[in-house]
Amino acid sequence: MKKINTTNKYSKIALTVALICNTQLALAQEAGLSAEVTTRLTYDDNILRAAKEAEQSDTSLVVAPELTLAGILGKQRFSAVYKGEYAKYADNGDVDYADHDIRLRADLDHSNRFTSRFDVQYQDKHEEFGDISNIFTNLTEFNHFTQTDITGRLIYGRQDSFGQLVFGLGRSEKDYDNNGQEYRSYDRDLASLAFYYRIAPRTRVLAEVVYQDYSYNPDVGFLDLDNEYVRYQAGIEWALTNQLEGTVKVGYQDRNYKLDTINDIDGLAYEASIDYTPNTFTTINLAAKRESLDSSLQGAGGFLRTSYSIGAKHGLTELLKLDGQVYYAKDDGVFGGTRQDKRLLTKVGLIYSALHWVDVGINYSYEDRDSTIEAADYKSNSINLTLKVAFN
């Protein structure tokens, strides 16, 4: 039986919330507008992240504006953010794109113990081929999707309380509309519950459960990936000093597909993010995550991704910074066969603050996917010149 499409219903809800937030912003006693524009000139020797025989190189110009409007009305805080990214390619005009990301947020303070937060996000974006598992050999444009997310959180207790309880609900709708990717469109309902308990002035332990229900609406002949995904985790968050802070969570995950012919995924789950600032001119971030994801491959179920990253910024002088990142991920397919993908992304560059509101940069990026399926292998090298102008 065909599922009922609720896109129009939730789009109206998103629009209503957006109007409410904008009205509150207009009435805010204090408001601030900030803006920045980042311009990037890029040469990439494999723009479609394809195997060697199908590589295409090109030069692109990207303009990415960001506008932020914030307001305060008594104890209530509101914000609206727009992020855009407009790309023009020199030789391959079919891959030009215009991305839009709109976010609205309201933080409401109801009493000494009770607060809430509401978020609405709308995205109209392209999808990089390197971000998914598919093997494309004859496409000339990026995948395109729109996504709407509505989330709310009710919070009992303050950040500095001995105990804090956070209850969340959310709804997402993601729709693909080109390159035959419509079978990947889905609706997702989310519910979460987390409890935090303070064991030291700057340290809290936590326990949480996150439930997600994915509902797909594929055409006849496509596999239905409807599933329920639950993560149970416990952990600790700390800010022991001004130099070291982070969050580490470990637990169990279970992705249960409604079709018996699709392999379920369960087992160890973890996520961590640690920030280390050894001195005033150096910052280091370490991150790790183990999660299951629905595969983008037609007729396949899910896969298990384990990822690690390290990023660092170091001030060579007051005006010149060195910026670097290394990201590694391993994707293990559980949908039959023995496919495994290993992903590596490295990036290093320099950022020069020509003025307090102008940054000029140059960086080099290398991206590699090494797969047990030879046709899925690719390598990419890119050089980027950037200019960032901020208006505050």
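Q: So what's going on with the nonpolar core? Residues and values would help.
A: Among the nonpolar cores identified, the biggest contains twelve residues, and these are I47, L48, V62, A87, Y89, V95, Y97, F129, I132, F136, L139 and F142. Look past the residues within four positions of A87 in its chain and what remains in contact with it is L61, V62, D96 and Y97. Counting seven residues, the second largest nonpolar core, distinct from the first, contains Y186, Y214, Y216 and L225.

Q: I'd like a description of the side chain of T42, backed by residues and values.
A: Looking at the secondary structure, you find T42 in strand β1 (residues 30-44). When residues no more than four places from it in sequence are discounted, the contact partners of T42 are D58, T59, S60, S382, I383 and N384.

Q: Describe in detail a negative patch on the surface, supporting the description with residues and values.
A: On the surface, D94, E141, D177, E182 and D219 cluster together to form a negatively charged patch. Relative to the helices and strands, D219 is located in the loop between β9 (203-216) and β10 (227-239).

Q: Run through the packing of aromatic side chains, naming residues and quoting values.
A: The full count for this structure, using the stated rule, is six aromatic pairs. The structure contains a cluster of three or more aromatic residues connected by ring pairs, namely Y97, F129 and F142. Here K174 stacks its cationic end above the ring of F145, 4.5 Å away from the centre of that ring.

Q: How would you summarise the confidence of the model for the chain if you had to cite specific residues and measurements?
A: The predicted model of the chain has a mean per-residue pLDDT of 90, with 92% of residues at 70 or higher. Mean pLDDT values for the elements of the chain range from 43 in helix α1 (residues 7-27) up to 98 in strand β4 (residues 97-109). In this model, residues 1-29 is a region of pLDDT below 50 whose contacts with residues beyond four sequence positions or in other chains number 38 contacts.

Q: Give me the pattern of salt bridges: which residues, what numbers.
A: Within the structure shown, the criterion is met by 24 salt bridges. Here the residues in one salt-bridge network are R171, E173, D187 and D189, joined through shared partners.

Q: Pulling in residues and values, what's your account of the side chain of Q233?
A: Considering the arrangement of structural elements, one finds Q233 in strand β10. In this structure Q233 comes out as buried when scored by relative accessible area, which is 5%. Side chain to side chain, Q233 and R231 meet in a polar contact 2.9 Å long. Sequence-distant contacts of Q233, defined by excluding residues within four places in its chain, comprise L206, A207, E208, K249, V250, G251, A269, Y270 and E271.

Q: Provide a residue-level description of the layout of surface pockets, including the pertinent values.
A: As a volume, the second largest pocket reaches approximately 1600 Å³. For the second largest pocket, the lining is made up of 49 residues, of which R40, K347, N363, S365 and N384 are closest to its centre. Where the lining of the second largest pocket is concerned, the elements lending two or more residues are β1, β2 (58-73), β3 (76-89), β14 (302-315), β15 (320-333), β16 (340-355), β17 (358-371) and β18 (378-391).

The rules behind each value
- Residues numbered from 1 in each chain as written.
- Predicted model: local features only at pLDDT ≥ 70, side-chain atom pairs only at ≥ 80, totals over all residues.
- Heavy atoms only, no water.
- Core = buried A, V, L, I, M, F, W, Y, C linked by side-chain atoms within 4.5 Å.
- Buried < 20%, exposed > 50% of the residue type's maximum accessible area, 1.4 Å probe, protein only.
- Contact = heavy atoms within 4.5 Å.
- Helix = DSSP H or I, 4+ residues; strand = E, 2+ residues; numbered from the N terminus.
- Patch = residues over 30% accessible without salt bridge, like charges linked within 9 Å, V, L, I, M, F, W, Y side chains within 5 Å.
- Areas by Shrake-Rupley, 256 points an atom, 1.4 Å probe, with all protein chains shown as cover.
- Salt bridge = Lys/Arg side-chain N within 4 Å of Asp/Glu carboxyl O.
- Lys, Arg positive; Asp, Glu negative; His and termini not counted.
- Charge placed at Lys NZ, Arg CZ, Asp CG, Glu CD.
- Phe/Tyr/Trp six-rings, centres within 6.5 Å; stacked < 30°, edge-to-face > 60°.
- Lys NZ or Arg CZ within 6 Å of the ring centre and 35° of its normal.
- pLDDT = per-residue confidence, 0-100.
- Polar contact = N/O pair within 3.5 Å; in protein donor to acceptor, adjacent residues only side chain to side chain.
- 1 Å grid on protein atoms, 1.4 Å probe; cavity = no way out; pocket = protein on both sides within 12 Å on 5 of 7 lines; lining within 4 Å.
- Points joined across faces, edges and corners; volume = space filled by probe spheres on them.

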